[in-house]
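# Coordinates in review
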Amino acid sequence: MAVKTVIEAIREGMDEEMARDESVFLIGEDVGNRGGVFLASDGLYKKYGELRVIDSPLAESCIIGVAIGAAVNGMRPIAEIQFADFIAPAMNQIIQEAARFSYRTAGDFNLPMVIRAPWGGGVHGALYHSQSIEATFGHIPGLKVVAPGTPADAKGLLKAAVRDPDPVLYLEHKRTYRLVKGDVPTGDHVVPIGKADVKREGKDLTMIAYGLMLTYCLEAAEKLAAEGVSAEVLDLRTIKPIDQAAIVATARKTGKVLVVHEDNRFAGIAAEVMAIIMENAFDALDAPVMRLTGPDVPAMPFNHVLEDAFMPNVEKILAKAKELAAY
Amino acid sequence: MASVKMPQLGESITEGTIGKWLKQPGDQVKKYEGLVEIITDKVNAEVPAPLAGILKEIKVKEGTTVTVGTEIAVIEESMPATAAPTRPAPTATTEAVPSTPVGEGQGGGATTRLSPAVRALIEEHRITDAELSRIEGSGIGGRISKKDVEDFVAKRAQPATANGEQRQTAASLAATPAATPGTTIPLSPMRRAIATNMLKSKQTIPHAWTVAEVDMTNVVRFRQKAKDSFKLREGIDLTFVPIIVKAVVEGLKAVPVLNASWSEQGVVLHQDINIGVAVSVDDGLIVPVVHQADRMSISGLAKAIDDLAKRARAGKLGIPDVQGGTFTVNNPGTFGTILSYSIIAPPQAGILAMDAIVKRPVVVEGDAIAVRSMMNLCLSFDHRVLDGVSAARFLQGVRRWLEGFSEQVPLY
């Protein structure tokens, strides 16, 4: 065990996978000599050379297109989209081609590729550097979506994504990069895709979150404990395929659930989680399932007051959790 | 063994009254579980158990007032629980198990909404209607939560004999009508506190009572004109109460001896003018306090009163909200009364009742008869503290201020 940041865990995960398997390579804007805008691939260019750490043109459709072509030919590409916000030009490649390739070929071909995308707000990134895209891509069958919130899960899920036979959208929250630190098991630490994780046990209510919101929920849970409310925190980790069993189990356990995400509210991941609970745990509910989300506005504002108003934070989570506890 | 002491519930509070013991000796208590209700002024605070264990002894009886720090109970700390809670055998009860889920349409409580989890627990633990009616809901609006039922089941499973006894009592209560006609409404802590305070006031304060008749026509006209735009701007209604409170503040400034308290050492004149505003709530009456009302505009008073009234009705007042009043305004006029004899809230020296504003023919200047909006202001005052002259001067001041009301009086 060693304490690491999320960004270190991601870098280490890529490094180990590239060392383990020669077919793994990295492609993206500035990932080479520059080491990526967030330094996720710092040092990898030097270590593995220009054929395995490829600087791409400023064209996301190209990055994904190249990755699809390489994957179908037996390589295992890790494609970096510099900011999740810039993924839009590659949506055709991802949705029409990558996600459906296995289905289209009746399973004859798989696309073992990872699309890494730094996402999320609270970093004064404004419109083009703050978006959440998990609901948009979670809706697409054939695509796996993961959103780790801790260094251990960041590394473990990256490794799992590289080894997965299907395209995996790997979401790394920018604000967690250097904010969230934690123990990362040594050795070949792989976290299975599709498994949520109870990050804190509790009995009075459950908070379900992922990414940055996990950290906020854990903080809120600590504060709730001081007030005599025992809160469980379930980290989804994987958005798709979502861990239904874990969601239902915790809902059945506490009977009160709050789902938190910073993505827009309408048809967000919370809506899906709430539907799962209603379908499978209605008879165990002690309160309406609640959610705290970003608002349905077109983008994250730059003005810091408005940005704070957009982002869920510990105080807002605490207030909502108290409302749920008091119900 | 750990002793539970009377907590200090507010900065200036030196003593508290035991309202109701929520646990009895022998009861298992969980950490932070409600142990006892403490009454100070008119707010009840539930004191949680400081640790898990068994309540060994209650040292202070209900209704007794003790100083802060006095030992009120003893809890024997429990070892980690070993025995699983035993489920009461269904045969132990003589009551029939309800064939339908308990809840709406079962009579008893109004519309009790039970969550699916609570319904499931009720069925699982065969909780009867009678038992359900005894479970006190801790959720919003008194909703019975899953936790409430679990706590109840845990308590029920505790001492087998007490349990049997309890259930029997419940059964016999349900089966046989009371010996005398009529029913007894159990005293809520609030009812008890009101009773204690009122009795104390009437027994210790020599009340005197005086009435002034006020021509409210100007105020009524002004309010009629201003209320819509006020509501639009401020989001709350402009009622007569903040205007009267403003007038009272002006009156108290002119007659400071009414903003005072009696003590054996002398009459204590208060620096701040803190106006209590009586609010009727479901199970009684509560008097939240507008602190430093002398520093507020009419609009500020309107907001403060609206906020306090809303929180009073929602049961969300804190101890400071009901403390420190130096004078009280009561508004029975909303219910149509024309003369009200209010009881002073000790240690204050006076309470003013606003009675109904009614249109009456009145002789005005030039011996003409006009239709005017008239209101009686009834003042009860502590005759130890002041005399009729001062009381009349106060009422005169309030009356002049109100009658001289014009659009020039600033709302803000």
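Please read all numbers here as calculations on a predicted model, not as lab measurements. (Residues numbered from 1 in each chain as written. Chains lettered and ligands numbered in written order. Predicted model: local features only at pLDDT ≥ 70, side-chain atom pairs only at ≥ 80, totals over all residues.)

## Remarks on the overall build of chain A
Tallying secondary structure elements over chain A gives 13 helices and 14 strands in all. For chain A, with 327 residues in total, the buried portion stands at 54%. For chain A, the share of sequence-separated contacts (at least 6 apart) that also reach a separation of at least 24 residues comes to 79%. (Helix = DSSP H or I, 4+ residues; strand = E, 2+ residues; numbered from the N terminus. Buried ≥ 20, exposed ≤ 12 C-beta atoms within 10 Å, placed from the backbone. Contact = placed C-beta atoms within 7 Å.)

## A look at the pairing of strand β19 (residues 368-382) of chain B
Residue and element names in this part refer to chain B. Pairing of strand β9 (residues 207-215) with β19, which is carried by 9 bridges, proceeds in the antiparallel orientation. In the strand pairing of β19, A208 is matched with F381. Looking at chain direction, strand β17 (residues 350-354) and β19 are connected through 5 bridges and run antiparallel. Each bridged residue has a counterpart across the sheet, and for I351 the counterpart in β19 is S380. Judged from the 7 bridges that link them, strand β18 (residues 358-364) and β19 form a sheet pairing that is antiparallel. Note on β19: the bridge partner recorded for V364 is A368. Once β18 ends, the chain turns through 3 residues before running back antiparallel as β19, passing G366 with a positive phi of about 80 degrees. (Pairing = 2+ DSSP bridges.)

## Some points on the sheet that holds strand β3 (residues 53-55) of chain A
Residue and element names in this part refer to chain A. With respect to topology, 7 strands assemble into an open sheet ordered β3-β2-β4-β5-β7-β6-β12, the strand pairing being mixed. In this open sheet, the two strands that pair with only one neighbour each are β3 and β12 (238-240). Put simply, the sheet's adjacent strands are angled 20 degrees from each other on average, direction ignored. Across 6 bridges, strand β5 (residues 114-119) lies against strand β7 (residues 168-173) in parallel orientation. Paired with R116 across the strands is Y170, a residue of β7. In the packing of helix α1 (residues 6-20) onto the sheet, the strands contacted are β2 (24-28), β4 (76-80) and β7, and the crossing angle to β2 comes to about 130 degrees. (Axes fitted to C-alpha atoms, helices over the stretch in contact; angles between N-to-C directions.)

## Remarks on the packing of helix α1 (residues 116-124) of chain B against helix α3 (residues 146-156) of chain B
Axis angle and axis distance: for two packed helices, these are the angle between their axes and the distance between the axes, and together they describe the pair. Residues and elements named next belong to chain B. Here α1 crosses α3 at 20 degrees, and the two axes come no closer than 8 Å. Between α1 and α3, the angle falls in the class roughly parallel. Seen from above, α1 lies across α3 with left-handed handedness. Along its contact with α1, which presents A117, V118, L121 and I122, the element α3 presents K146, V149 and E150. For the contact of α1 with α3, the per-class residue count stands at 5 nonpolar, no polar and 2 charged. (Parallel < 35°, antiparallel > 145°, perpendicular 65-115°, else oblique. Left-handed = near helix turned anticlockwise from the far one by under 90°. Nonpolar A, V, L, I, M, F, W, Y, C, P; charged D, E, K, R; others polar.)

## Some details on the sheet that holds strand β14 (residues 290-294) of chain A
All names here are of chain A. Spatially, 5 strands are ordered β9-β11-β10-β13-β14 in an open sheet, and the strand pairing comes out mixed. The open sheet has two edge strands, β9 (197-200) and β14, and neither has a second partner. For this sheet the average axis-to-axis angle between neighbouring strands, irrespective of direction, equals 25 degrees. Sheet topology note: the strand β13 (residues 257-264)/β14 ladder contains 5 bridges and is parallel.

## Examining the nonpolar core
Within soluble globular proteins, side chains that are nonpolar tend to cluster in buried spots. One finds A:M207, A:C217 and A:A321 to be the most contacted residues of the largest nonpolar core, which totals 115 residues. Residues in contact with A:A321, not counting those within four places in the same chain, are A:L205, A:M207, A:A220, A:L224, A:A231 and A:L258. Listed in part, the 58 residues of the second largest apolar core include B:V245, B:I351, B:L379 and B:F381. (Core = buried A, V, L, I, M, F, W, Y, C linked by C-beta atoms within 7 Å.)

## Describing helix α8 (residues 298-313) of chain B
Residues and elements named next belong to chain B. End to end, α8 covers 22 Å across 16 residues, agreeing with the expected 22 Å (1.5 Å per residue, within 8%). For α8, the full list of buried residues reads L301, A302, A304, I305, L308, A309 and A312. The inward-facing, buried residues of α8 contact α7 (240-254), β12 (275-277), β13 (279-281), β14 (284-286) and β15 (289-290). Following α8 by one or two positions, G315 has its phi on the positive side, about 70 degrees. (Expected span 1.5 Å × (residues − 1).)

## Regarding the confidence of the model for chain B
Residue and element names in this part refer to chain B. For chain B, per-residue confidence averages 84 on the pLDDT scale, and 85% of positions sit at 70 or higher. Contacts of residues 81-110 to residues separated by more than four positions or lying in other chains number 32 contacts, the stretch itself having pLDDT below 50. Confidence drops under pLDDT 50 across residues 161-177; counting only partners more than four residues distant or on other chains, this segment forms 10 contacts. In the predicted complex, the global pTM is 0.54; the interface-specific ipTM is 0.72. (pLDDT = per-residue confidence, 0-100.)

## Observations regarding the pairing of strand β8 (residues 71-77) of chain B
All names here are of chain B. By the bridge criterion, 4 bridges tie strand β1 (residues 2-5) to β8 in an arrangement that is antiparallel. Bridging across to β8, V4 finds its partner in A73. For strand β6 (residues 53-58) and β8, the ladder comprises 5 bridges, and the chain directions are antiparallel. Its bridge partner lying in β8, E57 is registered against V74.

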